[in-house]
Amino acid sequence: MDAGYPDAKPLAAMILNDPDIAATKTLCDNILANGFSAGWGYPQVWIRDTNTFLEVLLDKQPAQPLRAALLKFFQYQGEDISNPPAGSQPYPNFGAVAGNILDGYDTSGNGRFKNTAETDEETSLVQAVRKYVDKTGDRTILSEVVNGETVSQRMGDALTYLLTNRLSATYGLIWGATTADWGDNQPEDSPGAWLDAKTHPAIDIYDNAMFIIALRDYIYLVGDPGGKWQPILDRTRANARQYLWDGHMFKAHLYLDKGSPFPNTFDESAVLYHGGTAVAMEADLLSKDEVAWTLQKMRDDVVKAHATTIGLNQYPPYPNGFFVNPVQSAPYTYQNAGDWPWFGGRIIVQLMRFGYIQEAYDELKPMLKIFVRDNDLNEWYTPAGKPAGSGQFKGAAGSIGKAIAALETWAKAQ
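Residues numbered from 1 in each chain as written. Predicted model: local features only at pLDDT ≥ 70, side-chain atom pairs only at ≥ 80, totals over all residues. Heavy atoms only, no water.

Two orientations exist for strands paired in a sheet by backbone hydrogen bonds: parallel and antiparallel. The three strands lie next to each other as β1-β2-β3, forming an open sheet whose pairing is antiparallel. Edge positions in the sheet fall to β1 (45-46) and β3 (112-113), since each has one partner strand and no second. Sheet topology places strand β2 (residues 104-105) next to β3; two bridges connect them, and they run antiparallel. Its bridge partner lying in β3, tyrosine 105 is registered against arginine 112. (Pairing = 2+ DSSP bridges. Helix = DSSP H or I, 4+ residues; strand = E, 2+ residues; numbered from the N terminus.)

Shown next as structure tokens:
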């Protein structure tokens, strides 16, 4: 961070002496002190969640159990463990599973599942291994042999699975089901977690930003001796900007052969996905000036939504009934424009990384007020700030914990 930031010392003093920061740090530490399950509402180990709280958790728990938890995902790699509802029709021509990574498993290791509507399981695991290595210095995990292959080989298999099964030849980008931002529920059925004959395949920024970060992490960890992966990374970055960036923000969806599942009376081009945009910032797909414009747009969205924090999933929400799943059928519920600190914290971290320190602190403060009020970090919140979903949510604790750490690191350096 720039030590010459205007008013650095007064701002640093406010950050270091903020009682809500101190109280929320304690809450995050307590939530992350035991086990790897995602929250009291999610007793399973999920890879997308683990990827977001791993570093903060390692400050509170020993490394070896987490190492074993990551290896278990590789142990089950390639199993066909998607769970579509009985009687549903499978997605046409979708059968190859070599290299795929499941969403998670229960604490016994017997119950395993994959929400095939989303395309972030493989990329989340590669990123998690990078975070684990960076945090612990333990590179031996890369040469650990799991079912006849090293972890390094298996990470390559995971990325190859996406190139084989989820790559649009037309756009050179990764596709998944149509979902709300980073969510894993498609609108056509309930719960909507699995690809099926009703699926409208689409490309979005979240999946592709996650893929870019995973490619970057894989090359960092393993290298690219055959020269295969760097061109794929460069091509994906270029295609994301060419096909998804509209000059001001990333398009919600780029639809493939079946078009959109939503009626044409809804202008989806107006929808800004806050979560996917935060991950795009992490993938270095936006310039500093574009981040500034995006921040102002997100702030405007919060005002229009009468929301509480910048963790608002998206704006505008999808109208009532656009999603069959009752959990998110109504606007401002769950992934349909709920307020998620799990992603709000990521926005704060990226604002810090781009040098917007005062703005990051300003956007974090209303989140802290809610956490201190409830003595908890919930999965998501209504626009009015009412907690919903799982309490003791580790994804939120990890994201907010990293945001606080970034602010304190900057403040201590002043």
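Here the focus is the sheet that holds strand β7 (residues 201-203). In spatial order, the strands read β6-β7-β8; together these three strands make up an open sheet with antiparallel pairing. Sheet topology places β6 (175-177) and β8 (254-255) at the edges, where each strand pairs with a single neighbour. Looking at chain direction, β7 and β8 are connected through two bridges and run antiparallel. Counterpart to alanine 202 in the pairing with β8 is tyrosine 255.

Turning our attention to the packing of helix α12 (residues 341-353) against helix α14 (residues 394-413). Taken N-terminus to C-terminus, the directions of α12 and α14 make an angle of 20 degrees; their axes are 7 Å apart at the nearest point. Between α12 and α14, the angle is such that the two are roughly parallel. Of the two possible hands of crossing, α12 and α14 adopt the one that is left-handed. In this structure, α12 contributes Pro341, Trp342, Gly345, Arg346, Ile348, Val349 and Met352 to the contact, and α14 contributes Gly395, Ala396, Ser399, Ile400, Lys402, Ala403, Ala406, Leu407 and Trp410. When grouped by side-chain class, the residues that make up the contact of α12 with α14 number 11 nonpolar, three polar and two charged. (Axes fitted to C-alpha atoms, helices over the stretch in contact; angles between N-to-C directions. Parallel < 35°, antiparallel > 145°, perpendicular 65-115°, else oblique. Left-handed = near helix turned anticlockwise from the far one by under 90°. Contact = heavy atoms within 4.5 Å. Nonpolar A, V, L, I, M, F, W, Y, C, P; charged D, E, K, R; others polar.)

This part covers the nonpolar core. Grouped together as the largest cluster of nonpolar side chains are 119 residues, with contacts concentrated most on Val129, Met155, Leu285, Phe371, Leu377 and Trp410. It is helix α8 (residues 205-222) that contributes the most residues to this core, 12 residues altogether. Those residues within four positions of leucine 377 in sequence are excluded, and the remaining contacts are Leu27, Cys28, Ile31, Phe371, Ser390, Gly391, Gln392, Phe393, Ala396, Ala397 and Ile400. Residues Tyr255, Phe262, Phe322 and Phe323 belong to the second largest nonpolar core, which totals 11 residues. (Core = buried A, V, L, I, M, F, W, Y, C linked by side-chain atoms within 4.5 Å. Buried < 20%, exposed > 50% of the residue type's maximum accessible area, 1.4 Å probe, protein only.)

Further remarks concern empty space enclosed by the protein. Taken as a whole, this structure holds one cavity of 30 Å³ or more when the rule is applied. Reported here for the largest cavity is a volume of approximately 40 Å³. By residue number, the principal contributor to the lining of the largest cavity is helix α13 (residues 357-374), which donates three residues. The residue inventory of the lining of the largest cavity, partitioned by class, reads five nonpolar, one polar and one charged. (1 Å grid on protein atoms, 1.4 Å probe; cavity = no way out; pocket = protein on both sides within 12 Å on 5 of 7 lines; lining within 4 Å. Points joined across faces, edges and corners; volume = space filled by probe spheres on them.)

Two side chains bearing opposite charge may form a pair once their charged atoms approach each other closely. What the rule picks out here adds up to 21 salt bridges. For lysine 369, the salt bridge is made with aspartate 20, and the minimal N-O distance between the two is 2.9 Å. Pair noted here: lysine 369 is in helix α13 and aspartate 20 is in helix α2 (residues 19-31), with a separation of 349 residues, a long-range link. On the basis of relative accessible area, aspartate 20 is assigned to the buried category, the value being 12%. The residue aspartate 103 makes a salt bridge to arginine 48 at a minimum N-O spacing of 2.8 Å. Taken as a pair, aspartate 103 in the loop between α4 (63-75) and β2 and arginine 48 in helix α3 (residues 47-57) lie far apart in primary sequence, 55 residues in all. Connected via shared salt-bridge partners are Arg48, Asp103, Lys114, Asp120, Glu121, Glu122 and Asp184. (Salt bridge = Lys/Arg side-chain N within 4 Å of Asp/Glu carboxyl O.)

Okay, the layout of surface pockets next. Volume-wise, the largest pocket comes out at about 660 Å³. Taken together, 23 residues form the lining of the largest pocket, with Glu55, Lys131, Glu282, Val349 and Lys402 sitting closest to its centre. If you list the elements that add at least two residues to the lining of the largest pocket, you get α3, α5 (121-136), α8, α12 and α14. In the lining of the largest pocket, the residues fall into six nonpolar, six polar and 11 charged. When its volume is computed, the second largest pocket comes out at roughly 340 Å³. As for the second largest pocket, its lining consists of 22 residues, and the residues nearest its centre are Tyr42, Trp46, Asn115, Asp184 and Tyr334. Counted by class, the lining of the second largest pocket contains 13 nonpolar, five polar and four charged residues.

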